[in-house]
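Results of the structural survey
Each chain, written out:
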Amino acid sequence: MTGSTEDYAPHPHIGGRAAALRALAAWRRSAPGAPRVVLLTGSSGSGRSHLLTGFLMLCDPEYRKRLPLDAMDPSTVPPELPAPAVPAPEGLTAAQVLWLLADHYDLNATSTEDVYVELAALDEPVTVVVPDVDRAGPVRAAGEPARLAREVLVPLAATGTVRLLAEVPRPLAVELAGILAAGTVQVIDLDEPEWADSEGMVRHAHAALNPEFGAPELPFTVDPAARLALGAAIGRRAGSSPLVVQLAVNCLLMAPDGFDPAEERYLPASVGEALDLHAERLGADPRTLRLLLTPLALAEADGIPVHLWARLVNAVAGQDMSAAFVDGMLLVGPFVQPEELHAGAPEGEQDAEGPGNEQGGGGRTLLRLLHPALGDEIRAGLPSVAAAQSRIAMALLEAVPEQDWSKADPYVRDHIAGHTLEAGLLPQLLTDPGLFVHADPVPLRTAVEAVPAEVLGAPARTYLRTAPLMTRTQAPVTLRAALLETAFVEDGLPEYAQAIHQRLDLPLPWQTLWSLPVPGVSAVTVGSLPHTDGPATPVAVLVVPAGTPGARPVGEPGEGSGSAVLVHGLVQAGHLGDIEPAQILLPSEDERAAAPLGLSRGADYLRVWERASQEMVAALISDTAFTAADLSPDGILLLATERGAKALRIRGAGAGLAS
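Quick look at the structure, then. (Residues numbered from 1 in each chain as written. Predicted model: local features only at pLDDT ≥ 70, side-chain atom pairs only at ≥ 80, totals over all residues. Heavy atoms only, no water.)

Some words on the overall build of the protein chain
Broken down by element type, the protein chain carries 24 helices and 18 strands. Within the span of the protein chain, comprising 659 residues, buried residues form 50% of the whole. When contacts within the protein chain are restricted to residue pairs at least 6 apart in sequence, those whose partners lie at least 24 apart make up 66%. Looking at the protein chain as shown, the accessible area adds up to about 28,400 Å², and 53% of this sits on carbon and sulfur atoms. Across the protein chain, the mean location of the 45 positive side-chain charges is 2 Å away from that of the 81 negative side-chain charges. (Helix = DSSP H or I, 4+ residues; strand = E, 2+ residues; numbered from the N terminus. Buried < 20%, exposed > 50% of the residue type's maximum accessible area, 1.4 Å probe, protein only. Contact = heavy atoms within 4.5 Å. Areas by Shrake-Rupley, 256 points an atom, 1.4 Å probe, with all protein chains shown as cover. Lys, Arg positive; Asp, Glu negative; His and termini not counted. Charge placed at Lys NZ, Arg CZ, Asp CG, Glu CD.)

Below is the structure:
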């Protein structure tokens, strides 16, 4: 079946694909017999994203006004309806995609299960389109596309009020079609003859070769007959892949010298052939081209900073590849896409503080592959992806100045975890508190979560339990350091907390003095224990459940109040023994009122502020509820959560957060 008919104008963005558009339009209008769920798939480079983008233009009430709807085949044009929800998953976790959907419909949900319950309870069916499932996740090797399919798409498809269209890789389409109820799902595979669009491939090639659309003036582009013949040959060789058409044209236009349009042997039939034929035509070894592109095929996020490219190529090759870079851009040009980052448009999640942020500003260029299918092809040809990633990871580590993560290039700092994950080396990296503090917590957390828990060391486990609070609050560097400093003390890793203070040179608003993992603390009070032969000892008085080891029962024997008192050093960690509570002196109201710092408390936050200026000095949040808090006149904060009690010495001005 062809992609268009002679009687109607094709979709101006797609240029064909009429059969697929008819099926999508029938789904959109809920035509009799149309499935409730459609999975759009095909090989990487088959044009599924391009098709979905064109279809969404028809579904947008405003954008469709710009399209020649009257000239198009009516069966390919969906009715005018409210725009569907389109939670774009690129770079996001499965949970983030689901919450985008919850926000779109303003659902009253507090858990992922609630989202599906709320959707099912809606009065009217809703339409959801999920594009680019293959690009989900902040870390490529963490398997987020499969998680999104299984944990979000399957429950959505099982929800009767949801009409779902998802663009997924073929293996996931096969898996989902096998899970979902028979009769509810249709799979549109653009590589299958039913949905193929040979006319569209030729039309694509003609347009790409036409100087009116930006092609350079060459003998085979300015001559209409030559252009027509070459476009037909390119489309014929490319089969069902618009990407192969694009790559073929890119190669010819970038290096036209010596090309004979009559020789179809230089026209590729696959992504791999596009690479190899281009190299051969330029007199280069195809292996050299693939080596130059390997760091980009293994890259995270939006690509490799161009100043790191040569370093990483040398690392993968195991030798100096300087000679290959002499004409390197002519060789790799058809397959790469540079992106300039301007001042004020930082790469990824840049920190607002710290010297490393200087490298994220203007004048920075990222280099990435033109299409993910190129990465698939290059990775498939590597003897060992893990070995290549190991070499890249080592090169990135060597690029950290003085092994100071605050000075690291943003790409190195934020994405080395993704490379070491695929290399199988991530657990060895997770011992440096500097990396924990300075790396973007979203990709780092995702990478760490992909490692089996039994393989992680204690510092990594502390990071993993703290990371949700960091990502939830979008914590900047100092906040991340404060969260981790306290968490390390809580988890019995004081040397890591000390390293944050001593090595990172960050203005933390406090120092965690100690943490006591005692459950059930219901009240806390600061006080002092007087001595006849010296100064009083500052103490922390904790009200704990009766029977807590080391605690003194409250009340007379036999009364059974259910509570006890535990007396702990306020400054120096340690249980002070069986102290009679009556011996402890509590600060008077006048002493508290005269103290330079004040304390205010909410359900899930604590704030310390300077009385004189009324400025906040520190703010604390927690992933577990605060149960009690007190502040000594000299600025030691005593607090309790469901996890236990701890004491923090407030260090003066400079807002921060901790748990």
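Notes on helix H4 (residues 112–120)
Taken as a whole, H4 has its buried residues at Val 115, Tyr 116 and Leu 119. Down the axis, H4 shows its buried residues gathered within 90° of arc, on one side only. The exposed residues of H4 that point more than 90 degrees off its buried face are Glu 113 and Val 117. Where the residues of H4 are buried, they touch helix H3 (94–104), strand E2 (126–130), helix H5 (144–157) and strand E3 (162–167). (Arc of directions from axis to C-beta.)

What about the packing of helix H22 (residues 477–490) against helix H23 (residues 494–503)?
Contact geometry of H22 with H23 gives a least axis separation of 7 Å together with a crossing angle of 155°. Taken together, the axis directions place H22 and H23 in an arrangement best described as roughly antiparallel. In the packing of H22 onto H23, the handedness of the crossing is left-handed. Listed contacts from H23 to Ala 481, Leu 484, Glu 485, Phe 488 and Val 489 of H22 are Pro 494, Tyr 496, Ala 497, Ile 500 and His 501. Here the residues of the contact of H22 with H23 are counted per class, giving eight nonpolar, one polar and one charged. (Axes fitted to C-alpha atoms, helices over the stretch in contact; angles between N-to-C directions. Parallel < 35°, antiparallel > 145°, perpendicular 65-115°, else oblique. Left-handed = near helix turned anticlockwise from the far one by under 90°. Nonpolar A, V, L, I, M, F, W, Y, C, P; charged D, E, K, R; others polar.)

What about the side chain of Asp 409?
Residue position: Asp 409 is located in the loop between helix H16 (385–398) and helix H17 (410–423). Take Asp 409: its relative accessible area is 5%, and that puts it in the buried class. At 2.7 Å, the side chain of Asp 409 and the side chain of Arg 364 are in polar contact. (Polar contact = N/O pair within 3.5 Å; in protein donor to acceptor, adjacent residues only side chain to side chain.)

A few points about the side chain of Arg 281
Its location among the elements puts Arg 281 in helix H11 (residues 271–281). One buried charged residue, Arg 281, remains without a salt bridge, the closest side chain of opposite sign being Asp 257 at 7.8 Å. Separated by 3.0 Å, the side chain of Arg 281 and the backbone oxygen of Cys 251 make a polar contact. Among the polar contacts listed, one links the side chain of Arg 281 to the backbone oxygen of Ala 255, at a separation of 2.6 Å. Once residues lying within four places of it in the same chain are set aside, the contact partners of Arg 281 are Cys 251, Leu 252, Ala 255, Pro 256, Asp 257, Phe 259 and Tyr 266. (Salt bridge = Lys/Arg side-chain N within 4 Å of Asp/Glu carboxyl O.)

Notes on the sheet that holds strand E1 (residues 37–41)
Ordered in space as E2-E3-E1-E4, the four strands form an open sheet in which the pairing is parallel. The strands lining the two open edges of the sheet, one partner per strand, are E2 and strand E4 (185–189). For this sheet, the mean angle separating the axes of adjacent strands, direction not counted, is 10°. Relative to E3, E2 runs parallel, the two being bridged by five bridges. When the bridges of E3 are listed, Val 130 appears paired with Ala 166. (Pairing = 2+ DSSP bridges.)

Topic: helix H7 (residues 198–209)
An α-helical turn contains 3.6 residues, so a residue and the one three or four places further along point in the same direction. The end-to-end C-alpha separation of H7 is 17 Å, in line with the 16 Å expected for twelve residues at 1.5 Å each. Those residues of H7 lying buried are Gly 200, Met 201, Ala 205 and Leu 209. The buried residues of H7 occupy an angular sector of 165° when the element is viewed end-on, so they sit on one face. On its buried face, H7 is in contact with helix H8 (219–222), helix H9 (224–238) and helix H10 (242–254). (Expected span 1.5 Å × (residues − 1).)

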